[in-house]
Amino acid sequence: MPLSEHEQRMLEQMERALYAEDPKFASALEGNGLRTYTRRRVYQAVAGFLVGIALLMAGMVAQLIWISVVGFLVMLGCAVLAVTGWRKAPKPGETPRGHTGRRPVRRKRTVMERIEDRWQRRRDEQGH
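What you see is a predicted model; the values in this text were computed from it and never measured.

A. Molecular detail of the overall build of the chain. Counting its regular elements, the chain contains five helices and zero strands. Expressed as a percentage of the 128 residues in the chain, the buried residues total 16%. If you take every contact in the chain between residues at least 6 apart in sequence, the share linking residues at least 24 apart comes to 53%. Carbon together with sulfur atoms contributes 62% to the accessible area of the chain, which is approximately 10,700 Å² in total.

B. Quick peek at the UniProt feature "transmembrane region" (unreviewed entry) in the chain. Residues given the UniProt feature "transmembrane region" (unreviewed entry) here are residues 42-59 and 65-86. Its end C-alpha atoms 25 Å apart, residues 42-59 is made of 100% helix and 0% strand.

C. Region of interest: a positive patch on the surface. Taken together, Lys108, Arg114, Arg118, Arg121 and Arg122 make up a surface patch of like positive charges. Checked against the element boundaries, Arg121 lands in helix H5 (residues 111-126).

Reading the values: rules and limits
- Residues numbered from 1 in each chain as written.
- Predicted model: local features only at pLDDT ≥ 70, side-chain atom pairs only at ≥ 80, totals over all residues.
- Heavy atoms only, no water.
- Helix = DSSP H or I, 4+ residues; strand = E, 2+ residues; numbered from the N terminus.
- Buried < 20%, exposed > 50% of the residue type's maximum accessible area, 1.4 Å probe, protein only.
- Contact = heavy atoms within 4.5 Å.
- Areas by Shrake-Rupley, 256 points an atom, 1.4 Å probe, with all protein chains shown as cover.
- UniProt positions renumbered as here; feature names shortened; annotations may be inferred.
- Patch = residues over 30% accessible without salt bridge, like charges linked within 9 Å, V, L, I, M, F, W, Y side chains within 5 Å.
- Salt bridge = Lys/Arg side-chain N within 4 Å of Asp/Glu carboxyl O.
- Lys, Arg positive; Asp, Glu negative; His and termini not counted.
- Charge placed at Lys NZ, Arg CZ, Asp CG, Glu CD.

Okay, here's the thing in structure tokens:
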């Protein structure tokens, strides 16, 4: 889901403020630093998933259902974090999105604009 113009402006302001406050940290998040950071998060999520399995098993052995439920929830949360983190991580040699600090602005078409486009296409197909 694309960000609104206001959200994009706010994000750009936050990025500029980050660069102004701590340029070393901001530059570490670019390029390979970002890839390393996201991969590390994925590995942490995998470790958390294993802890969730251990909690699930411990709850079953101790016959305490609430521990098993907590273990399952930990497993579920960590699985979601691992999958989303893995997809967001840039591939080796790939520049991360927004590397220049600016993203291309894509204006979302309104419903009326889409209806007008369809109407115009139909008229053109019919030869009017």
